[in-house]
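So the chains spell out like this:
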Amino acid sequence: MSDIEMIRAARARIGDRLRRTPLLRAPALDRMAGRPLLVKAECLQVTGSFKARGGWSAVSAIPEAERARGVIAFSSGNHAQGVAHAAREHGIPAVILMPKDAPQAKIDGTRALGAEVVPFDRETDDRDAMGAALAEERGLTLIKPFDAPLVIAGQGTTGLEIAEQAAELGVSEAEVLVCCGGGGLSAGIALALEAQAPKMRLRTTEPEGFDDTARSLAAGEIRRNDRLNGSICDAIVTPQPGDITFPILHRLAGPGLVVTEEEVLRAMALAFRHLKIVIEPGGAVALAAALFHPGEIEGEAVIAVATGGNVDAPLFARALEAAR
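The shown structure was predicted, so the numbers you read here are calculated from the model rather than taken from an experiment.

A. Inspection of the state of the cysteines at higher detail. Evaluated as defined, the whole model comprises 0 disulfides. Just so you know, C180 is unpaired, no disulfide at all, and the nearest cysteine sulfur is the one on C179, 9.0 Å from it. Among the residues examined, C180 registers a relative accessible area of 1% and is labelled buried. Just so you know, C233 is unpaired, no disulfide at all, and the nearest cysteine sulfur is the one on C179, 8.2 Å from it.

B. Quick look at the nonpolar core. Ranked by size, the top nonpolar core spans 40 residues in total, and within it L37 and I277 carry the most contacts. Of all elements in the fold, only α2 (27-33), β2 (37-41), β7 (174-179), β9 (257-259), α12 (261-275), α13 (285-292), β10 (302-306) and α14 (313-322) reach the threshold of two or more residues within this core. Broken down by element, the residue count for this core peaks at 8 residues, all from α13. Discounting chain neighbours no more than four positions away, the residues touching L37 are L24, R25, L29, D30, L287, A290, L291, V302 and A304. A10, L191, M200 and A301 belong to the second-largest nonpolar core, a separate cluster that totals 36 residues.

C. Highlighting the pairing of β10. For β10, the tally of buried residues reaches 5 of 5 residues, placing the bulk of the element in the interior. Residues V302, A304 and A306 line one face of β10 and the alternating positions I303 and V305 line the opposite face, and both faces are buried. Of the pairings in the sheet, the one linking β2 to β10 comprises 5 bridges and is parallel in character. Along β10, the bridge assignment pairs L37 with V302. Summarising the sheet, β7 and β10 pair through 4 bridges and their orientation is parallel. Each residue of the ladder has a partner; that of E175, found in β10, is V302.

D. Region of the structure containing the sheet that holds β10. With mixed pairing, the 6 strands of this open sheet are ordered in space as β1-β2-β10-β7-β8-β9. The strands lining the two open edges of the sheet, one partner per strand, are β1 (23-24) and β9. Seen against the sheet, helix α10 (residues 212-219) touches β8 (200-207) and β9 and runs at an angle of roughly 130 degrees to β8.

E. Up close: helix α3 (residues 51-61). Within α3, 10 of the 11 residues are buried, which leaves the element mostly enclosed by the surrounding structure. Of all the positions in α3, only K51, A52, R53, G54, G55, W56, S57, A58, V59 and S60 are classed as buried. Tucked inside the fold, the buried residues of α3 contact α1 (4-14), β2, α4 (64-67), β3 (71-74), α5 (78-90) and α8 (149-168).

Each value, and the rule that gives it
- Residues numbered from 1 in each chain as written.
- Predicted model: local features only at pLDDT ≥ 70, side-chain atom pairs only at ≥ 80, totals over all residues.
- Heavy atoms only, no water.
- Disulfide = S-S within 2.5 Å.
- Buried < 20%, exposed > 50% of the residue type's maximum accessible area, 1.4 Å probe, protein only.
- Core = buried A, V, L, I, M, F, W, Y, C linked by side-chain atoms within 4.5 Å.
- Helix = DSSP H or I, 4+ residues; strand = E, 2+ residues; numbered from the N terminus.
- Contact = heavy atoms within 4.5 Å.
- Pairing = 2+ DSSP bridges.
- Axes fitted to C-alpha atoms, helices over the stretch in contact; angles between N-to-C directions.

What follows is the structure, given as structure tokens:
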């Protein structure tokens, strides 16, 4: 099980190989949120998302002899690029199973990092079985996208930075909104905040129709999504919360927040206009909740994690057009 010591150890292994992403602020967004709004720009992270943290944490912890045989992961794109980047930097092979309908920018980015991409169909293929077969055949180490202690620990380094950067700005109490799929980032940040900023509370954020974590938190037990496609927020569409991540969130997170796709597109445009950053739909869900659901948020300040920026140009243009 991940804990604060694992998160600190992951940070030590990462060292200066990844970025300490900025905490951004704009007066116009403060006014919309009705309180100071700080945006943790993980879209500026290496590979364009926070997933580089978990990928590096997991790959760097594999014993050297085992690591040399290579790694395998399955992902719609951001975890894929995080693992591929870590594998390339460690000089080992990486095989990535990616959905056929993943954004082309993410597929191209994964291949550019030297990984072998194996496509699969979200609806008809069993990616777990495919991954297990390839791992057995080639002797690869499987790195899960969220439900793995070392991955959670790596994502938790984001929370350590949030606590430190907010303290530098004089903010010790806030609700921290995190885009949530399987819950690896949310769980890791929650654990980090518990230790380093106990007056902050984590809130998961999800797109409407794919709010398994919000429903699970409300029910006190894991709930599944009815479908696994049809959302522009591909990065955070998962069947259900993780078996490891959910107990952490059940203990530490507040009620989940849910936003519409229209709100997501508007948040993408506002981030570009006022913060000069590009956020993909799945990475803009937390910002959308902060901007358009202020009545559901408590406290004098809010921190939203912009988790990724790997978006195809036509979809980003759609977001800019929708906000005119």
